[in-house]
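Per-entry structural report
Okay, here's what each chain looks like letter by letter:
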Amino acid sequence: MRTASAPAGRVVDRPADDEIWPRVTRELADDLAVDALARDRAGKAPFDEVARLQEAGLPALLTAPGPSRRGADWRAACAVVREISAADSSVGELLAHHYALSWSSRFFGPAHEAHDPRPTGTDTASTTEHRDPAAESANPSAETGGTAGARRTGAAHRRPPALDVCTAEERWLLAGGVEPARATTDPGLTLTPAEGSGGGWILDGRRAFASGVTVADRLVVGARPGGTGDLLVVLVDPAHPGVFTDAGTDRVGQRLAGAGTVTFDHVPVPPEHVLGVLPHDEHAVAPFTTLAPLALRLLLTQVGLGIAEGALAEARDISRADQAGPASAGGAGGPAAGNGAVPVGSGDDPYLLLAYGELATAAHAAAAVVERATDALARGLHAEWSLTLEERADISVLVAAAETVTGRAAVHITTRILELVDGTAGADSRGGGPGFDRFWRNARALTAPTRADHRLRDIGDHYLNGTHARLTLLA
C-alpha cells in the first residue's frame, strides 16, 4: 500500500522504500537456513529466532504507515512469511500468527474507531454519542442505557491505538488465538467482572496454542464472560504472575514454533485491553470480521508453500552437486575424457528429470492458487467494513482452495524428495546435509489439524449450489 504523492509542503508519512522488505527478508532467510537443521534438532524455545526477527524489523512490517513506521500491506506480509518458511517453517509460523493477531483490534473493534491511531487520552468528543459495544464490554459495570458508565471509566473517550501500531512501537511479538475452543468438553477461557469502580474483567482458564506462547511479549486471546455469550478479544501480558506457560513435550514437527499451554489464574484485564467483541450470533458478525480466520489460514498456507519450495530447492542443490561429481572426475582423465563422450550423471537420469518436473509443477500450481487467494484477501481487507457477504464467500472459497492444494502439495513434495535424495552424497544430515526429514515432519505437523474433505465440501457446495460457507471463527 504505497502512499500517493502528497501536495507540496506536506510530509508523507510513508517512507518510499517498500523495496527494502524483500532484501531484508532474503538476508534473514539465508541466515536462518545456515543453522536450521541444528536448531531443529536442539528443539529449544525460539528466543534466538525471535531476536533475529526483531533485529530485521519484520514483526513491525504489517502495520499502518506513520512517521516512524515502515509498514507494508498483506501481500508483502504473505511474501515474507513464505520466504522465511522456505528456510525455517517454524519461524514462518511464528510470524504468521503474529501478523494475523496484530490486526485483532481492526477485525473485532468497533467499525468507527478500529483505525483510530490516536493515543490514549486524545479527545474523542465527536464520537461519544455512538454506541460502542467494545467499550461497553470493556466495562461490565457501565450503564447500558447511555454513556454514563463509559464516561466514568473513560472507555468511550480514551481508546488506545490499534494493536498493530502498538506492536510496532513497543516491538512486541504476539501469540495466542481468538477462536473459540474446538472441543465441547473444553470450557475455554472465561471472564468475570472485576470488583471496584475501575471496571474491567478477571481472566481464568487454560488453553493450548499452536505458536509463540513461550516467547511472546503479549498474548491475544478470546474469552467469554461467564463462559457463555459474546466472545471478548483481550490483550494479556504473559509476564503477569497469574499467567503460567507450559511448553509441553517435544513435537514431531514445527519444533521451534513456540507452541504450549497457557494457564490464566485470576489475571486482571483492564477496560483498555479489551480489543473487541465477537457476537455469539453469527448473523450479527460483520463480513469484515470474518476475514480474521481466513487471514490466518492463508498465512499458514504460505508457510506450507514455503516448506514445499524450500525442500524442493534443497533437493535440487543436492542433485546438482551429485551430478557435478562424476563430470569433474571424467574431465580429470577418466573414461569420458578419452572418447569425448558426455559423462552421464544423475542429472541426465530421465526418471529423475520426470520426478523433478512433477514436483516443480505441483509447487507452481500451488503457488498460482495461493497468489490468487492472496490478491482476493488483500482486496477484501482493503474494502474493510464495506465488504459484502458475497465477496466474503468468494474469498473464503479461494482461501480453502489454496489451503487444500498447498497442503497436499507440501506433503507430496516433502515425501517424494525423501525418496529422491535417499543415498545421494551430501543428503544425509549426519554428514552435514540439510536433513530432509525436517521438511516432511514440518509439513505433516502443519497440515494435520486441517480437514481437507471439509474444505472441499464447502468449495463444492459453493460451486454447485452457490451456498455461502458458514461464518465461523475456527481457523
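Not measured: the values here are computed from a predicted model.

Observations concerning the overall build of the protein chain
If you tally the helices and strands in the protein chain, you get 15 helices and eight strands. Sequence-distant contacts in the protein chain: of pairs separated by 6 or more residues, those separated by 24 or more amount to 77%. Of the roughly 21900 Å² of accessible surface on the protein chain, a fraction of 54% belongs to carbon and sulfur atoms.

Examining helix α9 (residues 163–170)
Counting buried residues along α9, six of its eight residues qualify, which places the element largely inside the surrounding structure. Residues of α9 that are buried: L163, D164, V165, C166, T167 and A168. Close packing links the buried residues of α9 with α5 (89–102), α6 (104–108), β1 (174–177), β4 (218–225), β5 (231–236) and β8 (274–278). Once α9 ends, the next one or two residues include R171, with phi positive near 60°.

Examining the packing of helix α12 (residues 350–383) against helix α13 (residues 389–420)
In the contact formed by α12 and α13, the axes pass within 9 Å of each other and the chain directions differ by 155°. Considered as vectors, α12 and α13 are oriented roughly antiparallel to each other. Read as a crossing pair, α12 and α13 show a hand that is left-handed. Considering only residue class, the contact of α12 with α13 consists of 22 nonpolar, three polar and three charged.

Observations regarding the packing of α13 against helix α14 (residues 437–447)
Running from N to C, α13 and α14 cross one another at 155°; their axes reach a closest spacing of 9 Å. Our classification of the angle between α13 and α14 gives roughly antiparallel. For α13 against α14, the interelement crossing comes out left-handed. For the pair α13 and α14, contact is made by G407, A410, V411, T414, T415 and L418 and by D437, F439, W440, A443, R444 and T447, respectively. Class assignment of the residues belonging to the contact of α13 with α14 gives a composition of six nonpolar, four polar and two charged.

Remarks on the nonpolar core
L58, L61, Y99, F107, V220, L291 and I417 are the most contacted members of the largest nonpolar core, which totals 82 residues. With 15 residues, the single largest contributor to this core is helix α10 (residues 291–331). Leaving out residues up to four positions away in the same chain, L291 has contacts with F107, L377, G380, L381, L387, R392 and I395. Core analysis: the second largest hydrophobic core is formed by 21 residues, L191, F209, V269 and V277 among them.

Some thoughts on helix α15 (residues 452–465)
Between its first and last C-alpha, α15 extends 20 Å over 14 residues, near the 20 Å set by a 1.5 Å rise per residue. Considered for burial, the residues of α15 that qualify are R455, I459 and H462. Within α15, the buried residues cover an arc of 65° as seen down the axis, which keeps them to one side. Exposed residues on α15 whose side chains face more than 90 degrees from its buried face are R457, L464 and N465. G466 occupies a position one or two residues after α15 and carries a positive phi of about 70°.

Considering unusual backbone geometry
Positive phi, normally seen in glycine, also occurs at Q254, with a value near 50°. Relative to the helices and strands, Q254 resides in the loop between β6 (243–246) and β7 (260–269). Owing to a relative accessible area of 1%, Q254 belongs among the buried residues under this scheme. The backbone of H266 sits at a positive phi, close to 55°, despite the residue not being glycine. On the secondary structure map, H266 appears in strand β7.

A look at the pattern of salt bridges
Taken as a whole and assessed by the stated rule, the structure comprises 22 salt bridges. Close ionic contact of E309 with R82 constitutes a salt bridge, the shortest N to O distance being 2.6 Å. You can see E309 sitting in helix α10 and its partner R82 sitting in helix α4 (residues 74–87), a full 227 residues away along the chain. The partner of E371 in a salt bridge is R82, with the nearest N and O atoms 3.4 Å apart.

Some remarks on the packing of aromatic side chains
The description of two aromatic rings rests on the distance between their centres and on the angle between their planes. Applying the stated criterion to the full structure yields six aromatic pairs. Geometrically, the ring pair formed by W74 and W103 is edge-to-face, given 5.5 Å between the ring centres and 85° between the ring planes. Within this pair, whereas W74 is found in helix α4, its partner W103 is found in the loop between α5 and α6, the two being separated by 29 residues in sequence. Overall, the relative accessible area of 5% leaves W74 in the buried class. Geometrically, the ring pair formed by F107 and F108 is edge-to-face, given 6.4 Å between the ring centres and 70° between the ring planes. Taken as a pair, F107 and F108 share a single burial class, namely buried. The rings of W74, W103, F107, F108, F288 and W385 are connected pair by pair, giving a single aromatic cluster. It is R106 that lies over the ring of W103; its NZ or CZ is 5.6 Å from the centre. Over the ring of F439 we find R438, and its NZ or CZ is 4.3 Å from the ring centre.

Looking at the environment of E390
For E390, the position within the fold is in helix α13. For E390, a relative accessible area of 42% gives the class partly exposed. What E390 contacts, discounting residues up to four positions off in sequence, is H462 and H468.

A look at the pairing of β7
Relative to β7, strand β3 (residues 201–209) is paired through eight bridges, and the arrangement is antiparallel. The partner of W201 across the bridge, within β7, is V269. Of the pairings in the sheet, the one linking β6 to β7 comprises four bridges and is antiparallel in character. The residue bridging D246 from the neighbouring strand is T261, located in β7.

So, how was this worked out
- Residues numbered from 1 in each chain as written.
- Predicted model: local features only at pLDDT ≥ 70, side-chain atom pairs only at ≥ 80, totals over all residues.
- Heavy atoms only, no water.
- Helix = DSSP H or I, 4+ residues; strand = E, 2+ residues; numbered from the N terminus.
- Contact = heavy atoms within 4.5 Å.
- Areas by Shrake-Rupley, 256 points an atom, 1.4 Å probe, with all protein chains shown as cover.
- Buried < 20%, exposed > 50% of the residue type's maximum accessible area, 1.4 Å probe, protein only.
- Axes fitted to C-alpha atoms, helices over the stretch in contact; angles between N-to-C directions.
- Parallel < 35°, antiparallel > 145°, perpendicular 65-115°, else oblique.
- Left-handed = near helix turned anticlockwise from the far one by under 90°.
- Nonpolar A, V, L, I, M, F, W, Y, C, P; charged D, E, K, R; others polar.
- Core = buried A, V, L, I, M, F, W, Y, C linked by side-chain atoms within 4.5 Å.
- Expected span 1.5 Å × (residues − 1).
- Arc of directions from axis to C-beta.
- Salt bridge = Lys/Arg side-chain N within 4 Å of Asp/Glu carboxyl O.
- Phe/Tyr/Trp six-rings, centres within 6.5 Å; stacked < 30°, edge-to-face > 60°.
- Lys NZ or Arg CZ within 6 Å of the ring centre and 35° of its normal.
- Pairing = 2+ DSSP bridges.

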